[in-house]
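Structural characterization, general
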Amino acid sequence: LGFLVIPEIFSVLSNKIQRLRYPRSPVSKTRFSVQSRLSLITTGFLVVAGTAIFWVFEKTNVLVDAGGFEAFTGSLFQSITTRTAGFNTVDMGAIGPVSLHVLVLLMLIGGSPGGTAGGVRTSVFAVALLHVWNLLRGVGDLVLFRRRLPESLGPRALAILVLTAGWLFVNFAVLRQLQPGGIESRLVFELVSAFG
């Protein structure tokens, strides 16, 4: 989530508890910043989507011997750790192609700003998607949570994704020459893992 978001979570929770305990006190309501909301929503979506996709496509593969709860927690762990730490509880060489591609995308996105995870960051990914969505609809302003973001933010986020894709493409070509017999999807996995 990042070191900027975590103290804000505690601040908002503390404020809510204080307002519940002392409803007549003149304590003003504390709200999350745009960056914290974006980080929390994007992270939540990525965790839930990653868990569901990994569970659906791996329950008959690497999670076949796991019970229902164990398969769920294994999928949840893989969804979270892929974007942050890179640990694994399953044989990564045995996972299917759909799960592999989803894990590559999660590694590419990474964690939120100000955190220790790698990747392009959840906020860059979300702002770039919002910018592309606005371009497709012909909407000029980048508005998020009823706040207008600076005009340069969308194109910069999109530029980061384009530069990342270019960097990965060039390095994949080099890696492909160095390992001509390698399976391409596994090479991409290793490349994005190293990038993250």
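Please refer to the structure higher up on the page.
Before going into details, it helps to say that this report is about the structure given with it. (Residues numbered from 1 in each chain as written. Predicted model: local features only at pLDDT ≥ 70, side-chain atom pairs only at ≥ 80, totals over all residues. Heavy atoms only, no water.)

1. Considering the nonpolar core
The biggest cluster of nonpolar side chains holds 19 residues, and the ones touching the most others in it are Met92, Ile95, Leu103 and Phe189. Contributions of two or more residues to this core are made by helix H2 (34-58), helix H4 (97-109), helix H6 (153-178) and helix H7 (184-195). Of all the elements, H4 adds the most residues to this core, at seven residues. Once residues lying within four places of it in the same chain are set aside, the contact partners of Leu103 are Phe54, Gln78, Thr82, Met92, Ile95 and Phe189. (Core = buried A, V, L, I, M, F, W, Y, C linked by side-chain atoms within 4.5 Å. Buried < 20%, exposed > 50% of the residue type's maximum accessible area, 1.4 Å probe, protein only. Helix = DSSP H or I, 4+ residues; strand = E, 2+ residues; numbered from the N terminus. Contact = heavy atoms within 4.5 Å.)

2. Focus: the environment of Phe54
Residue position: Phe54 is located in helix H2. Residues Phe54 and Gly96, 42 residues apart in the sequence, show an inter-C-alpha distance of 9.4 Å.

3. Quick word on a nonpolar patch on the surface
Taken together, the side chains of Trp55, Val56, Phe57 and Val98 define a hydrophobic patch exposed on the protein surface, amounting to about 330 Å² of accessible area. A total of three residues in the nonpolar patch trace back to one element, the largest contributor, which is H2. Examined against the element boundaries, Trp55 turns out to sit in helix H2. We classify Trp55 as partly exposed; its relative accessible area is 33%. (Patch = residues over 30% accessible without salt bridge, like charges linked within 9 Å, V, L, I, M, F, W, Y side chains within 5 Å. Areas by Shrake-Rupley, 256 points an atom, 1.4 Å probe, with all protein chains shown as cover. Salt bridge = Lys/Arg side-chain N within 4 Å of Asp/Glu carboxyl O.)

4. Topic: H4
The terminal C-alpha atoms of H4 lie 19 Å apart, and with 13 residues this matches the ideal 18 Å at 1.5 Å per residue to within 8%. Buried within H4 are the following residues: Ser99, Leu100, Val102, Leu103, Val104, Leu106, Met107 and Ile109. Positive phi shows up at Gly110, right after H4, with a value of about 75°. (Expected span 1.5 Å × (residues − 1).)

5. A short note on the pattern of salt bridges
One pass over the full model with this rule turns up two salt bridges. When the shortest N-O distance is used, the salt bridge between Arg176 and Glu184 registers 3.0 Å. Assessed through its relative accessible area of 24%, Arg176 is described here as partly exposed.

6. Quick look at helix H3 (residues 68-83)
Look at H3: 24 Å from first C-alpha to last across 16 residues, which is about the 22 Å you get at 1.5 Å a residue. Of all the positions in H3, only Ala71, Gly74, Ser75, Gln78, Ser79, Thr81, Thr82 and Arg83 are classed as buried. Summarising the contacts, the buried residues of H3 are in contact with H2, H4 and helix H5 (122-137).

7. A few points about unusual backbone geometry
In this structure, Arg121 takes a positive phi of about 95° despite not being glycine. For Arg146, which is not a glycine, the phi torsion comes out positive at approximately 60°. Take Arg146: it is sitting in the loop between strand E1 (143-144) and strand E2 (147-148). Taking the relative accessible area as the measure of exposure, Arg146 reaches 80% and is therefore exposed.

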